[in-house]
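Chain residues, written in single-letter form:
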Amino acid sequence: MLSRVALALAVLASALSAGCAQAPQVRRDVVIGLVGEPLTALGEDPSARIVRGAITESLVRRDRDGAFVPRLAVAVPTLANGGLRVEEDARTLVVQLTATFEIRGDARWQDGVPVSAADVLLAHAEDRAAPPGTERRWMADRIERIEALGARLVRVVYRAGERWEQYALGPHVLPAHLLAGATADARAAYAHEPMHAGPFAIAAWVRGFGVTLAAFRDYVGGAPRLGRIEIRFFRDPGSLADALLRGDVDVVPSPSFDLDMIATLERLTDRERLLAQYTPAMSVEMLRIGRRGVLADASVRRAMLLALDRGGVVDALFGGRALVPRSYLTAPQPAAREVLPAARLDREGASALLASAGFSRGALGVLERGPERMAMTLLAGGSPARIEAGQRLVGDLSVIGVAVTLVEQAPEAVEAAVAAGDFDLALLPEAGDDPQRASERYRGWVDPWFDLLLSAAARSPEGDRAAAYTELQRLWAEALPGIPIYQTLRVDVAPRALNGVQPVPHGDPLTWNIADWSFAPEVN
């Protein structure tokens with residue numbers, strides 16, 4: 001017979017065993033699926049931005065609503081706290097912003113080295129050397145210089161004559177202790193697998209397969225709630241959808257799935273396990289119109305606006321979920337105004353406009369005006385939805401006698417052609433989360449008054465810019481250098497049990513707050 005002590009111990013052990021068996025299990029790993037593999041995690045392509053959002057950190061970031069929040073910085077420099085100053089030259093009356101950033105004392109690189117002012121200076125030099133037209137270069141060009149005031153203190157002097165609303169996002173960090181004076185081979189190795197200060201660090205990168213990220217316990221925002229992130233690369237959306245269906249992938253962030261896969265997504269997410277989130281983004285799919293030949297005629301551009309069945313594109317491709325924009329800026333951007341009429345198909349009106357401009361049907365039904373012939377190319381590429389939208393636009397224009405040939409090109413090539421003005425028509429995405437940058441995109445494409453007003457808006461205090469942006473959009477609508485086809489709708493898929501996943505309308509990737517992701521406990 002067992003003694004009382006032995007019996008008590010046995011009962012206690014049994015109770016502990018039962019308690020352990022019933023303890024909720026918490027999953028601490030996530031598998032993210034992406035279409036396409038980035039060359040580097042610090043690139044600007046969509047897949048790179050997902051990886052970059054998990055491994056990097058900035059002095060200041062945006063929260064879900066777009067408000068500035070400090071990360072590596074102690075505070076966001078503002079006029080109220082004295083960290084931001086507006087100085088005006090008494091002779092020229094030119095204003096200049098100056099912001100002072102203090103780096104947190106506990107901010108560490110993933111190798112344990114403290115983040116310092118030298119890291120901000122190095123990153124700015126690297127950003128200034130980035131190719132023109134890139135986001136890094138555009139932001140760096142808004143900054144005149146950065147000065148180190150101490151080991152953890154920097155002063156950022158912005159370009160004279162501008163009051164940039166996104167000023168706090170301008171300065172970045174790169175590890176000077178690794179990159180300052182580094183050889184070309186060392187820099188290439190860093191670009192391949194960068195070490196930064198974000199919530200997760202690259203543990204392994206297997207080319208052609210995926211990346212393993214490990215939690216950085218000394219992350220400035222606190223240890224991430226997940227311990228490991230697996231990122232897997234897929235050839236196309238179909239193979240990624242199959243992996244999601246099998247349960248091999250948990251999260252698919254935008255833009256890996258286009259809206260042309262809505263029917264597939266609804267089948268995949270019509271269950272308790274998965275949830276698809278559709279978020280209107282501050283960006284548009286824009287049909288840019290060049291200025292070569294007949295396209296320089298405002299009547300031609302206006303006729304195209306009437307001939308394109310933009311509502312039909314949205315209905316056919318996206319089941320009516322996306323919106324047809326009425327400006328190059330879209331809600332929820334506060335500066336967005338409805339300066340174009342609502343989408344209305346009027347091919348008779350389009351034909352009448354072209355006839356009044358002197359065009360008539362020629363060979364094969366293509367419109368002609370003397371030696372001018374209404375034949376042109378449309379550049380597009382990057383996603384099945386964009387290609388199909390382009391095909392529909394080609395069909396719409398053919399009805400009124402405009403012959404368009406669709407030419408598929410990589411998005412980078414399309415952007416380069418537009419930047420150089422070497423194109424007829426081009427279909428490409430345009431971000432609008434920064435109204436100044438979105439407006440600058442059309443400098444030289446509208447009229448001289450647009451350019452003057454744009455410069456004046458950049459110099460004006462933030463509270464005085466609303467009227468300027470309204471007028472800029474009105475002038476843009478009159479000149480019509482582009483026709484907005486549909487507002488971008490982000491599609492993100494994640495497990496219902498994964499908390500903290502928050503798609504945002506501004507340009508940040510889904511992984512912007514990945515340190516806060518966590519699974520709900522599973523009770524066995």
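Just so it is clear, the model here is predicted, and its values are computed rather than measured. (Residues numbered from 1 in each chain as written. Predicted model: local features only at pLDDT ≥ 70, side-chain atom pairs only at ≥ 80, totals over all residues. Heavy atoms only, no water.)

All right, on to the overall build of the protein chain then. The helix and strand inventory of the protein chain stands at 16 helices and 20 strands. Each principal axis of the C-alpha atoms in the protein chain carries an extent, and together these give about 110 × 65 × 45 Å. Long-range pairs, those at least 24 residues apart, make up 68% of the contacts in the protein chain between residues at least 6 apart in sequence. Summed over all atoms, the accessible surface of the protein chain reaches about 22,800 Å², with 54% contributed by carbon and sulfur. Here the protein chain carries 57 positive and 65 negative side-chain charges, and the mean point of each set is 2 Å from the other. (Helix = DSSP H or I, 4+ residues; strand = E, 2+ residues; numbered from the N terminus. Contact = heavy atoms within 4.5 Å. Areas by Shrake-Rupley, 256 points an atom, 1.4 Å probe, with all protein chains shown as cover. Lys, Arg positive; Asp, Glu negative; His and termini not counted. Charge placed at Lys NZ, Arg CZ, Asp CG, Glu CD.)

Grouped together as the largest cluster of nonpolar side chains are 69 residues, with contacts concentrated most on Met304, Met374 and Leu425. The dominant element in this core, judged by the number of residues it contributes, is helix α16 (residues 465-479), at seven residues. With residues up to four places along the chain from it excluded, the contact list for Met304 reads Ile289, Leu295, Met376, Leu397, Val402, Leu425 and Ile483. Membership of the second largest hydrophobic core comes to 39 residues, among which are Leu84, Ala123, Ala176 and Tyr190. (Core = buried A, V, L, I, M, F, W, Y, C linked by side-chain atoms within 4.5 Å. Buried < 20%, exposed > 50% of the residue type's maximum accessible area, 1.4 Å probe, protein only.)

With an omega dihedral of 5°, the bond running from Ser254 to Pro255 counts as a cis peptide bond. A cis amide bond links Ala331 with the next residue in sequence, Pro332, at an omega value of 10°. For Pro332, the location among the structural elements is in the loop between α10 (310-318) and α11 (347-356). Even without glycine at this site, Leu364 takes up a positive phi of about 60°. In this structure, Leu364 sits in the loop between β12 (360-361) and β13 (367-369). Residue classification places Leu364 among the exposed residues on the basis of a relative accessible area of 84%. The backbone of Leu480 sits at a positive phi, close to 55°, despite the residue not being glycine. Along the chain, Leu480 turns up in the loop between α16 and β18 (482-495).

Taking strand neighbours across the sheet as the criterion, the four strands line up as β4-β5-β7-β6 in an open arrangement whose pairing is antiparallel. The sheet is open, and its two borders are formed by β4 (84-88) and β6 (143-150), each paired with just one other strand. The sheet shows a mean angle of 20° between the axes of neighbouring strands, direction not considered. The pairing of β6 with strand β7 (residues 153-158) spans six bridges and is antiparallel. The partner of Ala148 across the bridge, within β7, is Val154. Against the sheet, helix α3 (residues 117-128) engages β6 and β7, with an angle of about 165° to β6. (Pairing = 2+ DSSP bridges. Axes fitted to C-alpha atoms, helices over the stretch in contact; angles between N-to-C directions.)

Spatial strand order, β16-β15-β17-β11-β18: five strands in an open sheet with mixed pairing. Single-partner strands in this sheet number two, and they are β16 (403-408) and β18. Taking the axes of each pair of neighbouring strands and ignoring which way they run, one obtains an average angle of 35° across the sheet. Sheet topology places strand β11 (residues 274-289) next to β18; twelve bridges connect them, and they run antiparallel.

We describe a pair of aromatic rings using the distance from one ring centre to the other and the angle between the two ring planes. In this structure the tally under the stated criterion is nine aromatic pairs. Pairing Tyr158 with Trp164 gives two aromatic rings, centres 6.4 Å apart and planes at 65°, and the pair type is edge-to-face. Side by side, Tyr158 and Trp164 carry an identical accessibility label, which is buried. With centroids separated by 5.9 Å and ring planes inclined at 75°, the aromatic side chains of Tyr442 and Trp476 adopt a geometry described as edge-to-face. On the criterion of sequence distance, the pair formed by Tyr442 in the loop between α14 (435-440) and α15 (448-459) and Trp476 in helix α16 is long-range, its members being 34 residues apart. Each member of the pair, Tyr442 together with Trp476, is buried. If you follow Arg288 out to its NZ or CZ, it ends over the ring of Trp445, 4.9 Å from the centre. (Phe/Tyr/Trp six-rings, centres within 6.5 Å; stacked < 30°, edge-to-face > 60°. Lys NZ or Arg CZ within 6 Å of the ring centre and 35° of its normal.)

As a packed pair, helix α9 (residues 298-307) and α11 sit with axes 8 Å apart at the nearest point and diverge in direction by 170°. The angle between the axes of α9 and α11 places the two elements in the roughly antiparallel class. For the pair α9 and α11, the crossing hand works out as left-handed. For the pair α9 and α11, contact is made by Ser299, Val300, Arg302, Ala303, Leu306 and Ala307 and by Arg347, Gly349, Ala350, Leu353 and Leu354, respectively. (Parallel < 35°, antiparallel > 145°, perpendicular 65-115°, else oblique. Left-handed = near helix turned anticlockwise from the far one by under 90°.)

Further remarks concern the environment of Leu265. Structurally, Leu265 is set in helix α8 (residues 262-268). Taking C-alpha positions, Leu265 is 23 Å from Ser518, a pair spaced 253 residues apart along the chain. Discounting residues that sit within four places of it in the chain, Leu265 has contacts with Phe257, Tyr278, Val491 and Val493.

Bringing the pairing of strand β9 (residues 210-215) into the picture now. The element β9 is largely enclosed, with a buried count of five among its six residues. Taking the residues between adjacent antiparallel strands as the criterion, strand β8 (residues 200-206) and β9 are bridged by three residues, where Gly208 takes a positive phi near 85°. Two strands pair when backbone bridges link them, and β9 and strand β10 (residues 228-234) are joined in this way by five bridges, in the antiparallel orientation. Within β10, the residue paired with Leu213 across the bridge is Ile229.

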